[in-house]
Amino acid sequence: YIPGGPFLARGGTTEYGDQEDLREVILPDYALGRVPILFREYLAFINELKQTDPEQARARTPRTKLDGELCSLDAEGQVIPNYELLIEGKLREFYPDPQVAWELPVIGISWDDAQAWCRWESQRRGYEVRLPTETEWEKAARGVDGRYFPWGNAYDGTFANWSGSRPVYPQMEPCGTYETDISPFGVQDMCGGAS
């Protein structure tokens, strides 16, 4: 739950690379998931869609231009995350169990795919599920006081999953791994990882 009211928004950078001015923005109450949508959640949608529209399910399966499809099929024909592509190199020493891939934030989907998941999830829950707006995302991540990061203003490469957080090539890790990457509202992984 993110209570309504004002917050100090930092925004991003302008098209010229300048930092936007700090400004006050007022938002109504809203709710946001504690972590990004996981492969586990998204692939539940894909596997259900596969039963009614296999072509659309295949088109919405996570993929990147570099790696192609980020999923494979298990023995029963269910779409599963491809551990071999998602956890590479020395990071496998941290996460040797292939089941960890289910707990990664889903990547390799389009805005349209995310919207389709939201419609599906809305039907399952019985209320509207949608993507947050840019300002909703920022408030949930930074709180109301204009801080730079979810935890405050100090930069430390080990506080979130980004370049420099580990002595290995940076890649996604299971949601909630970096306990410092948590906002004043309890939302995790908004600074590093899939962001």
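Just so it is clear, the structure is predicted and the values come from calculations on it, not from any experiment.

A. Representation of the nonpolar core within the structure. With 27 residues, the main nonpolar core has F39, L43 and F45 as its most contacted residues. Those elements that provide at least two residues to this core are α1 (39-52), α3 (83-86) and α5 (111-125). With six residues, α1 is the largest single contributor of residues to this core. L43 has contacts with P62, C71, V79, I80, P81 and W102, leaving out every residue within four places of it along the chain. By size, the runner-up hydrophobic cluster in this structure holds ten residues, among which are I2, V25, L27 and A140.

B. Structural view of the environment of I87. With respect to the helices and strands, the residue I87 is situated in the loop between α3 and α4 (91-94). As for I87 and Q171, which are separated by 84 residues in sequence, their C-alpha atoms are 7.5 Å apart. Apart from the residues within four sequence positions on either side, I87 is in contact with R92, Y95, V100, L104, Q171 and M172.

C. The arrangement of the packing of α1 against α5 in detail. At a closest axis distance of 10 Å, the pairing of α1 and α5 adopts a crossing angle of 80°. As far as their axial angle goes, α5 and α1 are roughly perpendicular. Residue-level contacts link E41, Y42, A44, F45 and E48 of α1 to D113, A116, W117 and W120 of α5. Of the residues that constitute the contact of α1 with α5, the class distribution is six nonpolar, no polar and three charged.

D. Fine view of the pattern of salt bridges. A complete count under the given rule lists twelve salt bridges for this structure. Between E138 and R142 there is a salt bridge, and its shortest N-O distance comes to 3.0 Å. On the criterion of helical spacing, the pair formed by E138 and R142 is a turn pair, its members being four residues apart in helix α6 (residues 134-142). For E138, a relative accessible area of 7% corresponds to the buried category. Residue classification places R142 among the buried positions, given a relative accessible area of 17%. One continuous salt-bridge network, built from bridges that share partners, spans R58, R63 and E69.

Each value, and the rule that gives it
- Residues numbered from 1 in each chain as written.
- Predicted model: local features only at pLDDT ≥ 70, side-chain atom pairs only at ≥ 80, totals over all residues.
- Heavy atoms only, no water.
- Core = buried A, V, L, I, M, F, W, Y, C linked by side-chain atoms within 4.5 Å.
- Buried < 20%, exposed > 50% of the residue type's maximum accessible area, 1.4 Å probe, protein only.
- Helix = DSSP H or I, 4+ residues; strand = E, 2+ residues; numbered from the N terminus.
- Contact = heavy atoms within 4.5 Å.
- Axes fitted to C-alpha atoms, helices over the stretch in contact; angles between N-to-C directions.
- Parallel < 35°, antiparallel > 145°, perpendicular 65-115°, else oblique.
- Nonpolar A, V, L, I, M, F, W, Y, C, P; charged D, E, K, R; others polar.
- Salt bridge = Lys/Arg side-chain N within 4 Å of Asp/Glu carboxyl O.

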